[in-house]
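Secondary and tertiary structure notes
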Amino acid sequence: MSTLHNRSTVVASKQTDAIPFPLPATDWIIVFNPRVALPKKKNPALASSEQTEKTRARKAWDDVVTRLLKVGLKFQIREWGSGRLAIFVWCPDGILAREVYRSRVLDWLNDSGNELEPPEFGSPNNGTEASAADKASIAGLSSAERLRVVHELLTTPTYEGGAGLTMEERVVGRSGAVGGKYIEAIYAPHDREFEKQWIKSWSKKWLLKADDITKIRDYCGEKVAYYFAFLQFYFLSLAPPSVAGLLAYYLDDDFNPYYGFFMMVWGIVMIAVWNRKASQWASAWGTRNYSKIEKIRPEFRPETLASDPITGERIPYYAYWKRWAKIASITLPVTAAMSAVFFAVVWTITTAEVFTKQYYDGPFENIVTFVPTIFYAASIPALNSFYVTLSHRLNDIENRATDTSFESSYTQKLFIFNSLVAWLSLFAVSWFFIPLSDLIGTRLHSAGYITKLDFDVGPSSLRQRLSYFVVTGQVINALTELVLPMVMTKAGTVMKGLNLSKKDKAKETEEERFLRHAKVDFQKPEYDVYADYAEMVIQFGYLSLFSVAWPLAPLASFVNNFIELRSDAFKIAKATRRPVPQRADNIGPWLRILILVSWLGSITTSSITLLYRKWDPNTPATAQSQSRFPYIVLGVIIVEHLYFLISFITSQAISSVPHQGAERRKRAEFEVKRKYLLKGGIDVLAGTHGGEVEWRGGDEDMAGANREKSVLYGLALKEIHGVLQD
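What comes next is a walk through the structure. Please read all numbers here as calculations on a predicted model, not as lab measurements.

**Examining the overall build of the chain**
From N to C terminus, the chain includes 24 helices and 10 strands. The buried share of the chain, reckoned over its 726 residues, is 47%. Within the chain, contacts between residues at least 6 apart in sequence are counted, and of these 75% link residues at least 24 apart. Carbon together with sulfur atoms contributes 61% to the accessible area of the chain, which is approximately 36,800 Å² in total.

Given below as structure tokens:
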């Protein structure tokens, strides 16, 4: 180990002697663990295999260091404890200017961003020294854009000009990737001063402004900023249904059809308006059409690098039929099997809960009631953790080539699990246990499981369950995703001796403080924006699918989201690592899921409204359900057609009104067109105010042209006069 560290220190010192950088200026930290595959205790019987593993670790270390040097990055190395080494990476201005130029050229070629003319590069060389033009080109870079560019340089495959670093062991040796299992983390240090001001500022505001969202974009990147922009928009959009829900609850809370129709229209309009708002953010942030830029994932494993038959460019190739074969033979069966397991678990828990709370009248009644809840609390989090890991594994097996494809597949898998856990019990209660409650009770009584038939399983059961999920469930979820990571991080810092007293902190140098903070960040989990999106989409489902049963659900969600905005900001600043900045032009595949949930809501809301409106508790549930079934089918068909009609009208109405971003781009495109046409002598503005488009040229050219025009005009007049005289 000492030899490994000494060699790397010599390399690093040679680098930093050329262009030294202060450690707090670090862009990214790479944590390398050469002992990850070594046994914790010495074992003479395994001496040979240990030596082999050490050789592999040295090879991986040399590969990582060599790649960093090859792409021109500077770095320093520190021992991290427990046999780990930390590489503190900094990108020189010359290299940064080159990579920024590459990124902007890619945007321009794909008609993304706001660049209408090809970007200019300050210096043609590839050195690390930056010219004045280079420094000017990167002077306005945000912290997130700088980190994104450097991270892409670190992780982009070598055939696309990157260093090819990866944490996926399966990718090593394929497409030139290095690192693998030995790289435990690649993360950016938190800017604690910014985060302190961020939390302080948000804690004093009732409403966030556009500048607040833009600051998140400048710190975390567009993908995280879009989440907060959507959450802020969604939070404000809940104001109308909150008022409508209050009126429905206090005036007529019995599955009000007018409220149900209002919620359907609200869902349609909310999604359409958000899509327009997202376009405005994309125009302001320069990410318009960014989703069309298909970037190759660092974890993609191509079969070969083939030459494009048209351009001759080397491109990674992986046969489509192999991916579809894996999806058909592995992903679909495994996903179906896991869905069946989740369905069985949730259905069993729901059945047990309904039985113990509504039917059971035996011994220990008060204790037995809590058994399903305890089982739920013990099983669902474990299943969730397993399924998230499984989803990642399935996506790796599918070998998705681009980030867009990977995110779409991964999001679909997450949605399947979250929707089953969140909504299945509500579907079960509303369409099975309540309509068949008297039949179920009679069977249980006949079998001797219950002694009385005075149970009460009606629409109130659905209302109580929905209120639990919307209120209590979201509180528990907030504690799980915020408090638990902070407790785990705090425990880790105490165990690692990083929890210093105020007196000891005051004695630290700037570099010592930075190192301690970096070690604390390493103890934190990665930020998962997918989990936050999933939480909001599930909440939207509660409102669109079932809020007609409890009209106060929008108000409860409104209050929750006011807190969620601030707690998620606090979570990023204090409980997780700094997010990896990524670009986006909308909320990705979650938009399609919102549309799907909104459509499903038109079916669910209309069906349970027609089923439970004016429900008579004195009439057998089965008889009521059977008599109302034909009206439910007819109502669902009518409401579904209304949904598509309203969606079409809303889409056409909103798209017909231009937004500021589109108008600014239209004006900019016109100015570029006019600029280049003027070079050819065409003035497109000469035709304004009733005039005509004119050709322009020099004074001599214009004089000669005018003389020629006069001669031709005279000849033309002579001809017409001659014809008319004849």
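So much for the structure itself; the text now carries on.
**As for the nonpolar core**
Ile 216, Tyr 226, Phe 228, Tyr 234, Trp 274, Trp 423 and Tyr 542 are the most contacted members of the largest nonpolar core, which has 89 residues in total. Discounting residues that sit within four places of it in the chain, Trp 274 has contacts with Tyr 226, Ala 229, Phe 230, Phe 233, Trp 281, Asn 586, Ile 587 and Leu 591. Among the nonpolar cores identified, the runner-up in size contains 35 residues, and Trp 28, Leu 147, Leu 154 and Ala 188 belong to it.

**With respect to a nonpolar patch on the surface**
Nonpolar side chains collect at one region of the surface, where Phe 261, Leu 634, Ile 638, Leu 642, Leu 645, Phe 648 and Ile 649 lie side by side and expose about 670 Å² of accessible area between them. The biggest single contributor to the nonpolar patch is helix 22 (residues 621–655), with six residues. With respect to the element layout, Ile 649 can be found in helix 22. With a relative accessible area of 49%, Ile 649 lands in the partly exposed category.

**Some words on the pairing of strand 1 (residues 28–32)**
Most of strand 1 sits out of view: five of its five residues are buried. Across the two faces of strand 1 the burial is the same, with Trp 28, Ile 30 and Phe 32 and Ile 29 and Val 31 all buried. Examined bridge by bridge, strand 1 and strand 3 (residues 84–90) share five bridges and lie antiparallel to one another. When the bridges of strand 3 are listed, Ile 30 appears paired with Ile 87. One ladder, built from four bridges, connects strand 1 with strand 6 (residues 183–187); its direction is antiparallel. Looking at the pairing, Ile 29 lines up with Tyr 187 of strand 6.

**Quick look at the pattern of salt bridges**
Tallied over the full model, the rule gives 23 salt bridges. Put simply, Glu 99 and Arg 102 hold a salt bridge, and the shortest N to O gap is 3.5 Å. A residue pair is termed a helical-turn pair when its members lie 3 or 4 positions apart in one helix, as Glu 99 and Arg 102 do in helix 3 (residues 93–109) at three residues. By relative accessible area, which is 7% here, Glu 99 ends up buried. Linked by salt bridges that have partners in common, Glu 53, Arg 56 and Lys 181 make up one network.

**Some words on the sheet that holds strand 3**
One open sheet accounts for four strands, arranged 2-3-1-6; its pairing is antiparallel. The sheet is open, and its two edges are formed by strand 2 (74–81) and strand 6, each paired on a single side. Recorded for the sheet is a direction-independent mean angle of 20 degrees between the axes of neighbouring strands. Relative to strand 3, strand 2 runs antiparallel, the two being bridged by seven bridges. Across the sheet, residue Lys 74 finds its bridge partner in strand 3, namely Trp 90. Across the sheet, helix 5 (residues 143–155) lies against strand 1, strand 3 and strand 6, angled at about 35 degrees from strand 1, the strand it touches most. Sitting on the sheet, helix 18 (residues 510–523) is in contact with strand 1, strand 2, strand 3 and strand 6, with an inclination near 70 degrees to strand 2.

**Some remarks on the side chain of His 151**
Position of His 151 among the secondary structure elements: in helix 5. Here His 151 is in contact with Trp 28, Ile 186 and Val 580, once residues within four sequence places are set aside.

**So, a positive patch on the surface**
Positive charge collects at one region of the surface, where Lys 196, Lys 200, Lys 204 and Lys 574 lie side by side. Structurally, Lys 200 is set in helix 6 (residues 192–203).

**Description of the environment of Glu 222**
Considering the arrangement of structural elements, one finds Glu 222 in helix 8 (residues 222–237). Along the chain, Glu 222 and Ala 584 lie 362 residues apart, while their C-alpha atoms are 5.5 Å from each other. For Glu 222, the contacting residues outside a window of four places in its chain are Arg 217, Trp 285, Thr 287, Gln 582, Arg 583 and Ala 584.

**Side note on helix 18**
Here helix 18 spans 20 Å end to end across 14 residues, near enough to the 20 Å set by a 1.5 Å rise per residue. Listed in full, the buried residues belonging to helix 18 are Phe 514, Leu 515, Arg 516, Ala 518, Val 520, Asp 521 and Phe 522.

**So, the packing of helix 6 against helix 20 (residues 553–575)**
At a minimum axis separation of 10 Å, helix 6 and helix 20 run at an interaxial angle of 165 degrees. When the axis of helix 6 is compared with that of helix 20, the two are roughly antiparallel. The two elements helix 6 and helix 20 cross, and the hand of that crossing is left-handed. Counting all contacts with helix 6, which are made through Glu 195, Trp 198, Ile 199 and Trp 202, the residues of helix 20 involved are Leu 565, Arg 566, Ala 569, Phe 570, Ile 572 and Ala 573. Looking at the contact of helix 6 with helix 20 residue by residue, the classes come out as eight nonpolar, no polar and two charged.

Cut-offs applied
- Residues numbered from 1 in each chain as written.
- Predicted model: local features only at pLDDT ≥ 70, side-chain atom pairs only at ≥ 80, totals over all residues.
- Heavy atoms only, no water.
- Helix = DSSP H or I, 4+ residues; strand = E, 2+ residues; numbered from the N terminus.
- Buried < 20%, exposed > 50% of the residue type's maximum accessible area, 1.4 Å probe, protein only.
- Contact = heavy atoms within 4.5 Å.
- Areas by Shrake-Rupley, 256 points an atom, 1.4 Å probe, with all protein chains shown as cover.
- Core = buried A, V, L, I, M, F, W, Y, C linked by side-chain atoms within 4.5 Å.
- Patch = residues over 30% accessible without salt bridge, like charges linked within 9 Å, V, L, I, M, F, W, Y side chains within 5 Å.
- Salt bridge = Lys/Arg side-chain N within 4 Å of Asp/Glu carboxyl O.
- Pairing = 2+ DSSP bridges.
- Axes fitted to C-alpha atoms, helices over the stretch in contact; angles between N-to-C directions.
- Lys, Arg positive; Asp, Glu negative; His and termini not counted.
- Charge placed at Lys NZ, Arg CZ, Asp CG, Glu CD.
- Expected span 1.5 Å × (residues − 1).
- Parallel < 35°, antiparallel > 145°, perpendicular 65-115°, else oblique.
- Left-handed = near helix turned anticlockwise from the far one by under 90°.
- Nonpolar A, V, L, I, M, F, W, Y, C, P; charged D, E, K, R; others polar.

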